[in-house]
Structure formats: structure tokens, C-alpha cells
Amino acid sequence: MERSSGILMPMSALPAKYGIGTMGRCAYQFVDFLKAAGQKYWQLLPIGPTSYGDSPYASFSSFAGNPYFIDLDLLAKEGLLKRAELNRPDWGDDPARVDYGKIYRSRFGILRLAFERGRECLAEEILAFREKNRGWVENYALYMAVKAHFGMMSWTEWPQEDIRLHRPGAVEKYGALLREDVDFYIFVQYLFFRQWDALRDYAHENGVQFIGDIPIYVALDSADVWSEPEFFQLDGENVPVEVSGVPPDAFTEDGQLWGNPLYDWEAMKRDGYGWWLRRIDGARRLYDIIRIDHFRGFESYYSIPAGNKTAAGGHWEKGPDRAFIDAMHKVLGEGGIIAEDLGYLTPEVKAMLAASGYPGMKIMQFAFDSREPGNYLPYTYPRNSVVYTGTHDNVTTEGWRQSASAEDVAYACRYLRCAPEDLTESMICACLSCVSDMAVIPLADWLHLDAEARINTPSTQGANWQWRLTQPLTPALSAHIAELTALYHRVPDEEL
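Nothing here was measured: the structure is a model prediction, and the numbers come from that model.

## Re unusual backbone geometry
Then, number 1: Positive phi is not limited to glycine here, since Tyr18 has a value of about 70°.
Then, number 2: Here Tyr18 lies in the loop between strand E1 (4–8) and helix H1 (25–36).
Then, number 3: The backbone of His448 sits at a positive phi, close to 55°, despite the residue not being glycine.
Then, number 4: Secondary-structure assignment places His448 in the loop between helix H19 (443–446) and helix H20 (475–487).
Then, number 5: The exposure class of His448 is partly exposed, given its relative accessible area of 34%.

Next up, the structure:
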């Protein structure tokens, strides 16, 4: 991995019309901004279709794209939509926050209009897409069609046992019964991937690559678990026995109860880890580099009895460890992955990470947080690592300065030799100047935004994933970023 830098920015936070960021003009303009700022990478959050709670880390599918990110203006230019139709729905009236409820109620009706107009004239292209992605798109489209048929309830609550348990006869029956809806959901995925491919091509033409994020676990209410339950720890009725999370620590008294079904690693081993390899291969179709969230879970994972109200009372179980790493190396090669190795790291986890060769993550805010047991001071960073001021799960650095203890802020200022009001800029410079091969700075930190720009607060619901950019990305800002990027030698030598 060469010395480089990038910016973390969720697709949803881009300043677009119709309530949420999309793969349209706003995304192309952000690529232009990255190029002007001398950045090589755009790091995104997961881009799958979101379910209850709107978290990109709880998706209806590990392979599908989020219909919210399809740009409606591009569809209007193609004649699939009319301008008047786009202005009719209520997309939300706060440009600084995403109103997922209003978007959910409006988006699919609009896409239905595009489907009716485009299904015949685009039939050949749609069929080619369907054939190319048959390994996942048929199951996903049927799952969404049946889900809509039963009022969008989780598949675990579907009243018909045969389709709930994904029996072949029921799959064939509902596929015929709901053929129109199945075709619609495949059409939506065709639109998503067509726009994504065009955006990615544009990014590559401008020297920008995508870092994508995939969660280690998948949502229970997903096509993944419904269609392949044999790879998860489920009982005879396909209900989870144990679920995922992390134990209590200095940041969360009750731990974090994620609630995802856990993998049946023995079943996956018998399959040659094929499910996971297909998942990563699907991510490589989207991204240039893949960040795997909670990478330590491959060595050992925290198992919580299903039905527990908190993560307390769980226990650690052994994961596939290096056998899984070896399978990935054999099929996918040894590069192109960032291992999110934050949290409680045992010697065994550290050994697995070292054997993988993948770069881990370093969080500059943690270096000065007295609650953090690890040593994240910059002098400890290895070259084979990716450094961040903070991630989507952290408050912005300006928000940290305002909310951290006075002692922690004073220590950070002494270490970085700066006044408190200059702490955000100094922390950015510490990231860029350190030895880590890659530095990724959230856009909100470059803009010195406070806690209002926080993307997610772990173990909470209600106000997450909503932040949207309202500040202009000026030439002065891109020039400033480019200057620091060059100063700390995070551009190719020929550009210095």
C-alpha cells in the first residue's frame, strides 16, 4: 500500500435534491472535489438497502444496492420520469437531516413509474443484468416481493411456513404469484448498478478509488439469512439461538447488543467458506478496497443468548481464525482489504491480523481518550495501517474537543503543541504526518463541524445516519487539503 490519503463521506450525506444523497450530480461533484484536494480515496459506508432503523450496517441484502441512492434526475433525463412527478412527493424539509420515513413513502412509487416506462425498452439490458447476477438477485427480488406481500414484516413472522422456511415448492409458487413485483425489484437493482458503474468509471478517470465498508454480520431480516439459513446458528424454525454483540467496556456499561444471527462456522468450513468468498467477491465488484467491520470476530466472537435485553451475559466463542484467512488469500489474493481491528484485541487476534497481512486501523481521538485502554499515540503506528481522526462511530473531532474531559483535551493540546481552538486542525495534521501508509479524514473534520455532524452513536437509535452536508465545498478548502496532502507526502512523487 502506497502512502496516500482519502476522505470519509457517506453517500447519504451528499447535498442532493429529493431528501438524500445520490449517485447523480452531487456524487460527481464530490469526485471533482476529491481530485482537486489531491485525494486518492473516497471511503463510503455500506451502500445496501436499509431496513428498520435505517442503519447501513443492517441491510436487506449483502449484495444489493440501496434504491435511495438511485438518482432521479438522471432517470428524468432518460425519459423514465417526468420533472413534475419528482416535485410532487414530500421528501423532507430539513436540508441538514435525512427524513427516512418520507423517503420510504415516496421513493418506491416514483421508481414504479420508471419501471412501467422502462421495462420494455430496456428489456434486453435488464435480462443481461439478471443473468450476470443470478446468484443473488433472484433471491433478493423474491424476498422483497414476498416481504411487500406480507406488509413488510420480517420474514421470521411471515404467516405461511413454507415460504418462511424457503422451501423449493413455495419459492416457485410465490415467484409465479408475485412475478410483477419480482421484476420490479430486479429493475431497481439494474438501475442502481448501472448508475454505480458510471460513477465508479468517472472516479477512476479522475484518479479516485472507492473504499467500501462491509459489516462482518448480516441482518436477520435479510435475503441472505432467509435464503441460506444453513450457514447461521438457527433452530429448527430458523430462529436465532445466539446473537451478536460486544461485551461491556468503558464506553458502554451494558455492551452493545447488535442482535445479528451468528454464523455456523462449521457449516461454512464444509462449504469451503464459499458464502463469505462470494460476499467479498460481490463487494469487489463495487469497491477498489474493502474495509471489513469487526475483523476480530473471525478469530473469536461474542455470543449472546437470543432474547437477552443487553449484551451482558454473553461469552466468547472460537471463530475460524487463520483457516478463513487462508481461504481468502487463496481465492482473492492478499491485498485490497482493510481490517477494522478496534476494540478488545487479544494476542490471538493480533496474531491473526499479522498473518493476514491486512492493514489495521488507528483512531487519533483514542490516543487522547483516558477511557481507551489501548495505546493509540501516533508513535506506535506501524506503516501497514490506516489512520483516522475518527470514524462514523465517533463524534467529530470538534465535537470531541467540546465534550471530552478537560484533562483529555489538555493532554491532546500538550502532545500536539496547539491551542484548544486549533485542536481539530492539529489532529488532522498528526494523521497526515504519521507513518501510516493511508490516512482517511472524515469530511466533517475538514470542515471543523461540531457534534451536530455526528453520523452514528453506537447502541442508540433515533437520530443516527441522518447528517447531511449543507456547507459548500469551496476551492479554498480543496486547495488547503491539497497543500497539506502534498506537505506530508501523501501524493505520488511525480505530483510533489
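Further notes follow.
## Here's the deal with the nonpolar core
Then, number 1: Core analysis: the largest hydrophobic core is formed by 163 residues, its most contacted members being Met11, Trp42, Trp196, Trp276 and Phe295.
Then, number 2: Broken down by element, the residue count for this core peaks at 13 residues, all from helix H9 (residues 179–205).
Then, number 3: Ignoring any residue separated from it by four or fewer positions in sequence, one finds Phe295 in contact with Ile325, Met328, Ala339, Glu340, Met352, Leu353, Ser356 and Tyr358.

## Some points on the environment of Glu124
Then, number 1: Mapping Glu124 onto the fold places it in helix H5 (residues 123–132).
Then, number 2: For Glu124, a relative accessible area of 70% corresponds to the exposed category.
Then, number 3: A C-alpha to C-alpha distance of 32 Å links Glu124 and Leu14, two positions 110 residues apart in sequence.

## Regarding the side chain of Gln233
Then, number 1: Locating Gln233 in the fold gives a position in the loop between helix H10 (223–227) and strand E4 (242–246).
Then, number 2: Among the polar contacts made by the side chain of Gln233, one reaches the main-chain carbonyl oxygen of Tyr263 at a distance of 3.0 Å.
Then, number 3: Those residues within four positions of Gln233 in sequence are excluded, and the remaining contacts are Val239, Pro240, Val241, Glu242, Leu262, Tyr263, Asp264 and Tyr301.

## Concerning the packing of aromatic side chains
Then, number 1: Throughout the structure, instances matching the rule amount to 50 aromatic pairs.
Then, number 2: Seen from their ring centres, Trp196 and Tyr287 are 6.0 Å apart, and the 85° between their planes marks the pair as edge-to-face. With a gap of 91 residues between them, Trp196 in helix H9 and Tyr287 in the loop between helix H12 (274–286) and strand E6 (289–292) connect regions that are remote in the sequence. Neither Trp196 nor Tyr287 differs from the other in exposure class; each is buried.
Then, number 3: The ring of Phe184 has Arg112 sitting right over it, with the charged end atom 3.9 Å from the ring centre.
Then, number 4: Here the guanidinium or amino end of Arg279 rests over the ring plane of Trp276, the centre of that ring lying 4.8 Å away.

## Digging into helix H4 (residues 100–118)
Along an α-helix, residues three or four positions apart point the same way, because every turn accommodates 3.6 residues.
Then, number 1: For H4, which comprises 19 residues, the first-to-last C-alpha distance of 26 Å matches the rise-based estimate of 27 Å (1.5 Å per residue) to within 8%.
Then, number 2: Those residues of H4 lying buried are Tyr100, Ile103, Ser106, Arg107, Ile110, Leu111, Ala114, Phe115 and Gly118.
Then, number 3: Buried residues along H4 sit against helix H2 (72–77), helix H3 (83–87), H5 and H9.

## What about the state of the cysteines?
Then, number 1: Throughout the structure, instances matching the rule amount to zero disulfides.
Then, number 2: Cys418 provides the cysteine sulfur closest to Cys413, a residue in no disulfide bond, and the two sulfurs are 4.2 Å apart.

## Things to note about the layout of surface pockets
Then, number 1: Its volume calculated, the second largest pocket comes out at about 370 Å³.
Then, number 2: Contributing to the lining of the second largest pocket are 19 residues, with Phe63, Asn133, Gly135, Trp136 and Arg278 lying nearest its centre.
Then, number 3: Secondary-structure elements contributing two or more residues to the lining of the second largest pocket are helix H6 (134–149), H10 and H12.
Then, number 4: The residue inventory of the lining of the second largest pocket, partitioned by class, reads six nonpolar, six polar and seven charged.

## Thoughts on the sheet that holds E4
Then, number 1: Pairing within the open sheet is antiparallel, and its four strands lie in the order E5-E4-E7-E8. A strand with exactly one partner marks an edge of an open sheet, and here the two such strands are strand E5 (256–261) and strand E8 (315–318). The mean inter-strand angle of the sheet, taken between neighbouring strand axes irrespective of direction, is 50°.
Then, number 2: Direction of pairing for strand E7 (residues 300–305) relative to E8: antiparallel, over a ladder of four bridges. By the bridge assignment for E8, Tyr301 is matched with Glu317.

## Quick notes on the pairing of strand E11 (residues 385–388)
Then, number 1: Residues Ser385 and Val387 point to one face of E11 and Val386 and Tyr388 to the other, with burial holding for every one of them.
Then, number 2: The pairing of strand E10 (residues 360–363) with E11 spans four bridges and is parallel. Residue Met361 lies in a different strand from E11, and its bridge partner there is Val386.

## What about the environment of Arg296?
Then, number 1: Along the polypeptide, Arg296 turns up in the loop between E6 and E7.
Then, number 2: Once the C-alpha coordinates of Arg296 and Leu345 are considered, the two residues, 49 residues apart in sequence, prove to be 7.4 Å apart.
Then, number 3: The residues touching Arg296, leaving out its near neighbours within four places in the chain, are Trp316, Glu340, Tyr344, Leu345, Thr346, Val349 and Met352.

Conventions used here
Residues numbered from 1 in each chain as written. Predicted model: local features only at pLDDT ≥ 70, side-chain atom pairs only at ≥ 80, totals over all residues. Heavy atoms only, no water. Helix = DSSP H or I, 4+ residues; strand = E, 2+ residues; numbered from the N terminus. Buried < 20%, exposed > 50% of the residue type's maximum accessible area, 1.4 Å probe, protein only. Core = buried A, V, L, I, M, F, W, Y, C linked by side-chain atoms within 4.5 Å. Contact = heavy atoms within 4.5 Å. Polar contact = N/O pair within 3.5 Å; in protein donor to acceptor, adjacent residues only side chain to side chain. Phe/Tyr/Trp six-rings, centres within 6.5 Å; stacked < 30°, edge-to-face > 60°. Lys NZ or Arg CZ within 6 Å of the ring centre and 35° of its normal. Expected span 1.5 Å × (residues − 1). Disulfide = S-S within 2.5 Å. 1 Å grid on protein atoms, 1.4 Å probe; cavity = no way out; pocket = protein on both sides within 12 Å on 5 of 7 lines; lining within 4 Å. Points joined across faces, edges and corners; volume = space filled by probe spheres on them. Nonpolar A, V, L, I, M, F, W, Y, C, P; charged D, E, K, R; others polar. Pairing = 2+ DSSP bridges. Axes fitted to C-alpha atoms, helices over the stretch in contact; angles between N-to-C directions.

None of this, on its own, says anything about what the molecule does.
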